[in-house]
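Tertiary structure, described
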2 protein chains.
Amino acid sequence: MTHINENFLELQGSYLFSEIAKRRTKYIADNPNAEIISLGIGDVTRALPNAVIQAMHSAVDELAAPHSFRGYGPEQGYDFLINAIIEHDYKTRGVELAGNEIFVSDGSKCDVGNIQEIFSADSIIAVQDPVYPVYVDTNVMAGRSGKYNEAAKRFDNIVYLDCTAENAFKPSLPKDNVDLIYLCYPNNPTGMTLTKDELKVWVDYARANKCVILFDSAYEAFIQEADVPHSIYEVEGAREVAIEFRSFSKTAGFTGVRCAYTVVPRELKGFDASGNDVLINDLWNRRHTTKFNGVSYVTQRGAAAIYSPEGKEQIASLVRSYMSNAETIRDGLASLGLDVYGGVNAPYLWLKTPQGLDSWTFFDKLLTEANIVGTPGVGFGQSGQGYFRLTAFGSRENTEKAVERIRKLAL
Amino acid sequence: MTHINENFLELQGSYLFSEIAKRRTKYIADNPNAEIISLGIGDVTRALPNAVIQAMHSAVDELAAPHSFRGYGPEQGYDFLINAIIEHDYKTRGVELAGNEIFVSDGSKCDVGNIQEIFSADSIIAVQDPVYPVYVDTNVMAGRSGKYNEAAKRFDNIVYLDCTAENAFKPSLPKDNVDLIYLCYPNNPTGMTLTKDELKVWVDYARANKCVILFDSAYEAFIQEADVPHSIYEVEGAREVAIEFRSFSKTAGFTGVRCAYTVVPRELKGFDASGNDVLINDLWNRRHTTKFNGVSYVTQRGAAAIYSPEGKEQIASLVRSYMSNAETIRDGLASLGLDVYGGVNAPYLWLKTPQGLDSWTFFDKLLTEANIVGTPGVGFGQSGQGYFRLTAFGSRENTEKAVERIRKLAL
């Protein structure tokens, strides 16, 4: 008799985006002429850079001829891509990595979802609140969350690190013992960052407590300020305690093309029940090669092209266009006296809802009075209540129009 | 303190292919002029079909323009591909499937590796022996295998279904209670198949015992004989008990392009601890959408192109070329009086090693006396001892040359 993994029954419904879609659909049905602008999506909208397009065409042509055809590649990724990553994403920042410390994958969602498999089932995890839901959901599936507390709207065994305006969205160190700490910087959803000194506090804590930091830096390309680290490995000692997740999704418009990578330094150790060291890199390599078969060759060639001089300029231009939207939203809302965070080193803006409205009431107000769809902050966790996320991924025209519409609301 | 998943420590080294590489490398170092022919690889070698190439170029061009750009697609795959799969792979065989029963992924290795996550950690699994190692390894990682018994060279808690010449490579039903049964047909490594009536015995068993069959049919495209089912759903009642895994890897040369799909019928149920029904489709949908972000758009367009009239003819031609190799090897070895199996409905040939040699001794003999690299059967499990796998994926010329070389050995 086949029994299921009962942990799945503890998962909370993916309420957020389905509820958004429901309210939006109902509004459109009632108001068929409404011209809705979405600043809710976390997806890119601009075309792929030309350097990427050319590289992908060439790669497709290689697969058309027997002498240049490629079948299975290395599960960890081709050297041409790994070497480009090491050279351009890390060496330029003073970080030395070896080829066997990089694992190319088809997406950071997969990597941040799968990484928990190599750790003990009774590991205590800490997450920021508000938070990208995948960190929590994948640990619920693995049985680490404990029961869901309906009153608290939180899982019993997860340690939540509150990020609100009161602490400038910089969480305090955990009071309880934790084993795995998910940190996301630049942060989704708040758009906020840590300086190198602030990040060092976490690295030092992890070293002192033998924790592992799972550092999601999918939005690294949007960092504009000089004192914000691009990689956690810019912090001394981080190689002993941190796994870093990077993605081409937002950096280069790859959300539909699928490429990311994960860095697992050879210094990083976990412990078996007897307290013996085990190299985390070895465990992840075994997981990656057993359950994954490498990224599409065409995609890997496209990803490598962003490191060419033309590619670099083209992705810089992509980032500039999104960040110009971010500035428009940020300045526009700030000029209305609203409290708006993020948008300086990230494509996300995190708005304190005006008039003390809760997140969903403000969602309805924006939808019905300005025909703008955003994302209620409470959908990312209890500390997101009273906040609202807007994204910089819309078109220039729609972004400007949206700010004008908000200006006309009496907020 | 971060504890690791100790189940990983039970994994047996991926001994097989590293040992092959070691012996091959040593032989070449000692014999630098030897002209080695590899009939060991399970990877395609022919260029991608032209219909696929054209579709991938078009898809790349779509991503180059803002109006046709696509970001995140549905995690389960685009309708254009799902509908083509339903229409051409299933309706033509009298099998009706709905769109929400198909999950497009980046590889069958991922799917057959990940599927166990949705089942209880104490599920008893049954595997054929010899077997594709991923079924076993992913269950070891999840803690279902028990300890490895060095003497038996098997895991204590896994039920092994022996497949040898004595039972015509058709395993008996398990004597013990099992929950999940991995079946692979056409089989890797033996190349053997079941008829519809033979497969029905397994479906009936699973229905009677409330088991789930995990049916890997990655080599379906190579079936030539009329009474061999292409899908387990051709068998009555299979929708209640079977998950089917299909791949474009061998069918269309996609090992480097990455596309596969998994079918989870809506009738398929598992049970919670209280014995209540749970839809397996819902669990897999939740797993797939939480830990995966869809297959590359370019790849999905390429995959859909194999269902066009030109695409169908081109992949049929690919399959014919590999199956012509299979026939050459099969007839060549049989004419020498060797016992050779498979190669009729699969690109794999499974040879009983002559003179009672063990698998590795025969490997060394072929390598040193004929400069041919194959795969020792024992590498796939204890019931593979005394067998040897050859593949039909080499070039025409090398395949013929290899058979001639074997002919000259006094076997």
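The model shown is predicted, which means the values in this text are computed figures rather than measured ones. (Residues numbered from 1 in each chain as written. Chains lettered and ligands numbered in written order. Predicted model: local features only at pLDDT ≥ 70, side-chain atom pairs only at ≥ 80, totals over all residues. Heavy atoms only, no water.)

**Here's the deal with the interface of chain A and chain B**
Taken residue by residue, the interface counts 82 residues in chain A and 82 residues in chain B. For the pair chain A and chain B, the two sides together bury roughly 6500 Å², of which 59% comes from carbon and sulfur. Three residues, M1, T2 and R286 of chain A, lead the burial of chain A against chain B; their summed loss comes to 12% of the area buried on that side. At the junction of chain A with chain B, the criterion picks out four salt bridges. Residue D137 of chain B is joined to R286 of chain A by a salt bridge in which the shortest nitrogen-to-oxygen separation is 3.2 Å. Taken together, the connections running from chain A to chain B amount to 45 residue pairs in polar contact (both at pLDDT 80 or more). Of all the elements in the fold, those that place two or more residues in the side of chain A that touches chain B are α2 (50-63), α4 (108-114), α5 (133-141), α7 (249-252), β11 (269-271), α8 (280-291) and α9 (297-304) of chain A. Sorting elements by how many residues they give to the side of chain A that touches chain B places α8 of chain A first, with seven residues. The class makeup of the residues in the side of chain A that touches chain B is 36 nonpolar, 28 polar and 18 charged. (Contact = heavy atoms within 4.5 Å. Buried area = accessible area lost by both parts, 1.4 Å probe. Salt bridge = Lys/Arg side-chain N within 4 Å of Asp/Glu carboxyl O. Polar contact = N/O pair within 3.5 Å; in protein donor to acceptor, adjacent residues only side chain to side chain. Helix = DSSP H or I, 4+ residues; strand = E, 2+ residues; numbered from the N terminus. Nonpolar A, V, L, I, M, F, W, Y, C, P; charged D, E, K, R; others polar.)

**Some remarks on the sheet that holds strand β14 (residues 348-352) of chain B**
Residues and elements named next belong to chain B. Spatial ordering of the open sheet is given by β13-β14-β17-β16, a layout of four strands whose pairing is antiparallel. Looking along the sheet, the strands with just one partner apiece sit at the ends: β13 (340-342) and β16 (375-376). Across five bridges, the pairing between β14 and strand β17 (residues 387-391) is antiparallel. In the sheet register, K352 faces β17, and the bridge partner there is Y387. (Pairing = 2+ DSSP bridges.)

**Digging into α8 of chain A**
Residues and elements named next belong to chain A. With twelve residues, α8 should reach 16 Å at 1.5 Å per residue; the first-to-last C-alpha distance of 16 Å fits that figure. With ten of twelve residues buried, α8 lies mostly within the body of the structure. Among the residues of α8, I280, N281, L283, W284, R286, R287, H288, T289, T290 and K291 are the ones counted as buried. (Expected span 1.5 Å × (residues − 1). Buried < 20%, exposed > 50% of the residue type's maximum accessible area, 1.4 Å probe, protein only.)

**Here's the deal with the relation of the copies chain A and chain B**
Mapping chain A onto chain B calls for a rotation angle of 180 degrees and an axial translation of 0.0 Å; the resulting RMSD is 0.0 Å. Both copies of the chain, as the preceding transformation shows, are related through a two-fold rotation axis. Taking C-alpha positions as reference, the residue of chain A nearest the rotation axis is H57 of chain A, located at 3.1 Å. By residue overlap, the copies meet face to face through one surface: 100% of the interface positions of chain A are interface positions in chain B. (Least-squares fit on C-alpha atoms with pLDDT ≥ 70 in both.)

**Considerations on the sheet that holds strand β17 (residues 387-391) of chain A**
Whenever strands of a sheet pair, they do so through backbone hydrogen bonds, lying parallel or antiparallel. Residue and element names in this part refer to chain A. The strand order β13-β14-β17-β16 describes an open sheet built from four strands, whose pairing is antiparallel. The open sheet has two edge strands, β13 (340-342) and β16 (375-376), and neither has a second partner. The sheet contact formed by β16 and β17 spans two bridges and is antiparallel. Its bridge partner lying in β17, P376 is registered against F388. Packing against the sheet, helix α10 (residues 309-335) makes contact with β13, β14 (348-352) and β17, and its axis sits at approximately 155 degrees to β13. (Axes fitted to C-alpha atoms, helices over the stretch in contact; angles between N-to-C directions.)

**Quick notes on the nonpolar core**
Counting residues in hydrophobic clusters, the biggest one holds 209 residues, and the most contacted among them are F248 of chain A together with F248 of chain B. Not counting chain neighbours up to four residues away, the residues in contact with F248 of chain A comprise L81, I85, G253, F254, C259, A260, Y261, A303, I306 and Y307 of chain A. In this structure, I4, I115, V140 and L268 of chain B belong to the second largest nonpolar core, which totals 64 residues. (Core = buried A, V, L, I, M, F, W, Y, C linked by side-chain atoms within 4.5 Å.)

**Comments concerning the domain arrangement of chain A**
All names here are of chain A. Under the domain assignment used here, chain A contains domain 1 (6-47 + 318-408) and domain 2 (52-309). Summarising the inter-unit geometry, the C-alpha centres of domain 1 and domain 2 are found 26 Å apart. At the junction of the two partners, domain 1 supplies 29 residues and domain 2 supplies 43 residues. Its largest share of buried area at the contact with domain 2, domain 1 owes to E10, N345 and F380, together 22% of the area lost on that side. Where domain 1 touches domain 2, the interface holds one salt bridge. (Domains from an automatic or database assignment.)

**A look at the pairing of strand β10 (residues 260-263) of chain B**
All names here are of chain B. The side-chain alternation of β10 yields two buried faces, one formed by A260 and T262 and the other by Y261 and V263. Both strand β2 (residues 102-105) and β10 contribute to a ladder of four bridges, which runs antiparallel. Among the inter-strand pairings, I102 is bridged to a residue of β10, identified as V263. Looking at chain direction, strand β9 (residues 242-247) and β10 are connected through four bridges and run antiparallel. Bridged to F245 within β10 is T262.

**Overview of empty space enclosed by the protein**
Inspection of every chain in the model, using the stated rule, returns seven cavities of 30 Å³ or more. One number sums up the size of the largest cavity: a volume of about 180 Å³. Forming the boundary of the largest cavity are 19 residues, of which C110, N114 and F292 of chain A together with C110 and N114 of chain B lie nearest the centre. Mapped by element, the contributors of at least two residues to the lining of the largest cavity are α4 and α8 of chain A together with α4 (108-114) and α8 (280-291) of chain B. Of all the elements, α8 of chain A adds the most residues to the lining of the largest cavity, at four residues. A class-by-class count of the residues in the lining of the largest cavity yields five nonpolar, six polar and eight charged. In this model, the second largest cavity occupies a volume close to 90 Å³. In terms of lining, the second largest cavity is formed by 14 residues, of which the most central are D106 and S296 of chain A together with D106, R258 and S296 of chain B. Looking at side-chain class alone, the lining of the second largest cavity contains four nonpolar, six polar and four charged residues. (1 Å grid on protein atoms, 1.4 Å probe; cavity = no way out; pocket = protein on both sides within 12 Å on 5 of 7 lines; lining within 4 Å. Points joined across faces, edges and corners; volume = space filled by probe spheres on them.)

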